[in-house]
Structures are given as structure tokens and as C-alpha cells.
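# Results of the structural survey
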Amino acid sequence: MSERRVLVHGGTVVDATGARRADVLVAGGVIAEVGPHLERGRRGTLALDAEGCVVAPGLVDVHTHLREPGGEEAETLESGSRAAALGGFTAVVAMPNTEPPADSAEVVRYVLERARTACCSVQPAGCITVGRQGKVLAPMAEMAGLGVRLFTDDGHGVQDPSLMRRALEYASSLGVVVAQHCEDDALAAGGCMNEGEWSSRLGLPGRSSLAEEVMVERDLALARLTGARLHLMHLSSAAAVAAVRRAKAAGLANVSAEATPHHLSLTDEALAGYDPVFKVNPPLRARADVEALRQGLADGTIDVIATDHAPHSPEAKQVTMCEAAPGMVGLETALAVALTDLALPIADVLALMSWRPARLAGLGDGQGGPLVPGAPAHLCVVDPARGWVVDPAKLASKSRNTPFAGRRLQGRVRHTLYAGEPVVIGEEAQR
Ligand code: DOR
């Protein structure tokens, strides 16, 4: 918590309650006042210009890989949370596919300890199964006791349907969310890109979207049976979107779904140059899938946008397509890609990236707003008119594997405040 007084002036406040022209005064880590023309020039108050900008609750990412412990050459909580702050995020859920994986209270405690000095709130997710091996349930109750609210074996789906059923039953009694990486191993086996026209043309082994569809259908049935909170991660295919839409229309209310900026923006044609930077699981799909994902966002089938920020060292990426590690960084480009490519009003994008994911992850503590006096000051200030070109060398992430290198995007985070501390001022990280 920062003791500093900060005045964010001249912007338009947008949160779940609507939009209004207002300044925001922050003192002692919380929002002190929201209203037009608040006092300026008081000594000791830092004035942050928000002219032409939207002042919103900080963004929340329910799907971030920070690689600690064990993958520090690719990312750390320090570098990853700095990247998050630059992207406007004030909270991220850290994926547990670390080395060792976060499948015990001990590793969760380690991440929580490291999170104390991060540039944003870092909430560890826990594994569903011991070692992410898909054989034995991890001690979810112990981890939930430390505040873990989301469990996943991400990077890998839970293959055994009866184990997944037990995970959901257990989660339901604990009041936590089970988040599934939806790919059936047998159907995805050996593929390193989407199975389709482009995999045929390029002569690369395909990964069928059926792998996603069958697991989504299976897990929807299990969610229906158990009544547990199921979250479907990084959906990529039209068939999966259709399955979730049908389930929700039939009254299944305990299921949520996410899509990533890369799946909403890029197709498998991006792999035409054989550059492994475009390799990701689930893979980039065909144009019709991208359109279906966008439709899913527009009609509420997909609840949130999540980055799946997946940093990898050059050694892990600069190999053949089949050998390369899957994944892309995304924290610093997510909001701009969404604003540039989705043709949605900014308030809708903020709902998808701030207050809805905050609720999904059960965050509280003022994350996701609304911006009212007394609430912890987690804010991002976004200039929607600002054009910029993505330069991998300038990313704060330790890794450079962005699929948007050289892309011109519109919309950029100008300032970010975390617990009242200006962690980003004028597009620059402050620590
Ligand atoms: O491409 C991916 N990379 N997909 C995942 O689900 C995991 C992630 C990683 O950890 O690198």
C-alpha cells in the first residue's frame, strides 16, 4: 500500500457502473474521491494526466505463466508482474505448471512470498493433480486454505474423466473453480499446428480441433452432473464455442469460458513462414474459428479475455516447429490487440478484461472495481487513440516470443496504479 497522494485528472472513468467524466484522487492506497474538477496543485500530490483517456479498474488476467519457481530464465514474478503493470493489469493468476509445479501448500507459499514485492497482485493457481500427471488429486483443500481459488493442470488437460469428475466434486465442496486445458491427448498427439488446409500445405503434423471439442463436451457433461464451477481455458475452435453456447442456453450456469487475444486475432496462416513464435497450444486455427470466437465474445458465450502469457527462452523457441515449446507472451499487448482487432466498445473490452475476470477468480480487494471512495486504488489509464508498433526488444518480459512483432496497434496503457502506487507513469515502469 502506498501512502502517496495521486490525482488522476481529466479522464473518463469507466467501470461496471457506467462512464462519467471525473478525476480520481488516491490517498493512502485507496480511492479518496471521484468527481469532476478535484483540487489540483496541492503540494505533495502527484498529478497524472488522463486527458483523452479512460480511467478504469486495473485489468485482471486469469491465465498468466510467470515461470517461478524453476523457469526463471524465461520469466520471474518481478519481470512478469512489471510486464503485467505495463499492460494495465493489477492482478494476475499465476499458472501452476512451474518446476516444481504448484501442487502443494509448500510451493503455493513460495509463490505467495515472492508475490509480496511484485508490481501487481499475483494469485497462485494450484494444480488439479499431483505433478500435473493426471493420476492423483493434489491436496486442493490445503491450497484453498492458503487462498487458492482456481485449480488447473494447464499446459495439459485432465484426461481421465472419472478423475476430472472427482476434482469437480471436491472443488464444489471447497467453493473453488476448476479450470481445464481442453485438449484430448490422443486426438492431439504429435500435432504442432492446427490440422487443416495450412498444415497440409506446410507439411506439418496437425492437431485437430476435435481434441478440444470432445473434451469441452465431456467437461460440460461433468459440470452438469456435479454442479461445480468449471472454467474452460483458451478456447480456440468454432465447435467448442458452439458447445458452450448450447450448454448455457440449456441453463448450465456454473460454466465460464475464456479466449486469448492471439486466438481472437491470428489464424494458422501465420505459420506459413515456419516461425515457431506462432506455435501455441491449443494452436491458432482457421478464419472461421476466429470469427466464431469473436461471435462468442459478442453474445456472452465467452466470458473473459485471458492472455495465456507464456514466456519462453530463445533456446526453447529457436528450433524446429515440432521441437519448439508452445506459447506466446501477451501481457503487454493484450489490451491493445483487443481494442485494435475486436471492434468492441472499450467498456465491453474492459468488462472482458477487468471486472468479469476479477469476479471469476474470486479476487475481491477492489480488483475489477468499481472505482468508489474507500476502495483499494487499482487503476489503469488507457489512451484509446494512441498508436504504437510492437517492438519485442522493448518488452519488459524476460522473453521476446510475441506473435505481434512489428504490428501497429491502437490503444495503450499510460498509467497503472496498484494499491495506490503508480507502478507505470507515462508508459514507463517505475520499478
Ligand atoms: O502454448 C501453451 N503454452 N499452452 C499452454 O497451455 C501452456 C503454455 C506454457 O506453459 O508454455
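Up top you'll find the structure we're talking about.
Residues numbered from 1 in each chain as written. Predicted model: local features only at pLDDT ≥ 70, side-chain atom pairs only at ≥ 80, totals over all residues. Heavy atoms only, no water.

Let us now look at the nonpolar core. In this structure, Val122, Val216, Leu232, Leu235 and Met353 are the most contacted members of the largest nonpolar core, which totals 82 residues. No other element matches helix α13 (residues 346-360), which puts 6 residues into this core. Once residues within four sequence positions are removed from consideration, Leu235 is found in contact with Cys182, Glu212, Val216, Ala240, Val244, Ala257, Glu258, Ala259, His263 and Leu293. Residues Trp198, Leu202, Leu284 and Phe404 belong to the second largest nonpolar core, which totals 19 residues. (Core = buried A, V, L, I, M, F, W, Y, C linked by side-chain atoms within 4.5 Å. Buried < 20%, exposed > 50% of the residue type's maximum accessible area, 1.4 Å probe, protein only. Helix = DSSP H or I, 4+ residues; strand = E, 2+ residues; numbered from the N terminus. Contact = heavy atoms within 4.5 Å.)

This brings us to the sheet that holds strand β10 (residues 121-124). If you trace the 3 strands from one edge of the open sheet to the other, you get β8-β9-β10, paired in parallel fashion. Here the strands that pair on one side only, and so sit at the sheet edges, are β8 (59-64) and β10. Along the sheet, successive strands turn relative to each other by an average axial angle of 20°, direction set aside. The sheet contact formed by β8 and strand β9 (residues 89-94) spans 4 bridges and is parallel. From the neighbouring strand, Val60 faces β9, where its bridge partner is Ala91. Against the sheet, α13 touches β8 and β9, its axis set at about 75° to β8. (Pairing = 2+ DSSP bridges. Axes fitted to C-alpha atoms, helices over the stretch in contact; angles between N-to-C directions.)

Taken as a whole and assessed by the stated rule, the structure comprises 0 aromatic pairs. For Arg201, the ring lying beneath its charged end belongs to Trp198, and the centroid distance is 4.3 Å. (Phe/Tyr/Trp six-rings, centres within 6.5 Å; stacked < 30°, edge-to-face > 60°. Lys NZ or Arg CZ within 6 Å of the ring centre and 35° of its normal.)

Turning our eyes to something else, we now look at the side chain of Glu75. Mapped onto the elements, Glu75 comes out in the loop between β8 and α1 (77-86). Here Glu75 is buried and forms no salt bridge, its nearest opposite-charge partner Lys398 lying at an N-O distance of 7.1 Å. At 2.5 Å, the side chain of Glu75 and the side chain of Ser79 are in polar contact. In this structure the side chain of Glu75 is engaged in a polar contact, spanning 2.7 Å, whose partner is the side chain of Ser397. (Lys, Arg positive; Asp, Glu negative; His and termini not counted. Salt bridge = Lys/Arg side-chain N within 4 Å of Asp/Glu carboxyl O. Polar contact = N/O pair within 3.5 Å; in protein donor to acceptor, adjacent residues only side chain to side chain.)

Let us look at the site of the ligand. Around the ligand, the surrounding shell holds 14 residues, and the nearest of these are Arg67, Asn97, Asn281, His312 and Pro326. Arg67 places a polar side-chain atom, nitrogen or oxygen, 2.7 Å from an oxygen atom of the ligand. Within the side chain of His312, one N or O atom sits 2.9 Å away from an oxygen atom of the ligand. For the ligand, whose free accessible area comes to 290 Å², the fraction covered by protein is 95%. (Near = heavy atom within 4 Å. Areas by Shrake-Rupley, 256 points an atom, 1.4 Å probe, with all protein chains shown as cover.)

Our focus in this paragraph is helix α2 (residues 105-115). For α2, the complete set of buried residues consists of Ala105, Val107, Val108, Val111 and Ala115. Each buried residue of α2 sits inside an arc of 165° when the element is viewed along its axis, so together they form one side. Contacts made by the buried residues of α2 are with α1, β10 and α3 (140-145). (Arc of directions from axis to C-beta.)

What follows deals with helix α7 (residues 210-226). Side chains three or four residues apart in an α-helix point the same way, a direct result of the helix having 3.6 residues per turn. Along its 17 residues, α7 runs 24 Å from first to last C-alpha, staying within 8% of the 24 Å computed at 1.5 Å per residue. The first or second residue beyond α7 is Gly227, which carries a positive phi of 75°. (Expected span 1.5 Å × (residues − 1).)

Here the focus is the sheet that holds strand β6 (residues 45-49). Within the open sheet, the 4 strands sit side by side as β5-β4-β1-β6. Their pairing is mixed. The open sheet has two edge strands, β5 (30-35) and β6, and neither has a second partner. The average angle at which neighbouring strand axes cross in this sheet is 20°, direction not considered. The pairing of strand β1 (residues 5-9) with strand β4 (residues 23-27) spans 3 bridges and is classified as antiparallel. Bridge pairing in β4 links Val6 to Val26.

In this section: the layout of surface pockets. The space that makes up the largest pocket amounts to roughly 370 Å³. Forming the boundary of the largest pocket are 22 residues, of which Glu332, Trp388, Lys394, Arg412 and Glu427 lie nearest the centre. Contributions of two or more residues to the lining of the largest pocket are made by α12 (334-341), β18 (379-389), β19 (408-418) and β21 (428-429). (1 Å grid on protein atoms, 1.4 Å probe; cavity = no way out; pocket = protein on both sides within 12 Å on 5 of 7 lines; lining within 4 Å. Points joined across faces, edges and corners; volume = space filled by probe spheres on them.)

The next point concerns a nonpolar patch on the surface. Residues Leu187, Leu210 and Val214 make up a contiguous nonpolar surface patch of about 210 Å² in total accessible area. Its place among the elements puts Val214 in helix α7. (Patch = residues over 30% accessible without salt bridge, like charges linked within 9 Å, V, L, I, M, F, W, Y side chains within 5 Å.)

With the rule as written, the count across this model stands at 20 salt bridges. Between Asp15 and Arg20 there is a salt bridge, with its nearest N and O atoms 3.2 Å apart. For Asp15, a relative accessible area of 3% corresponds to the buried category. Several salt bridges converge on common partners, so that one network encompasses Asp49, Asp383 and Arg414.

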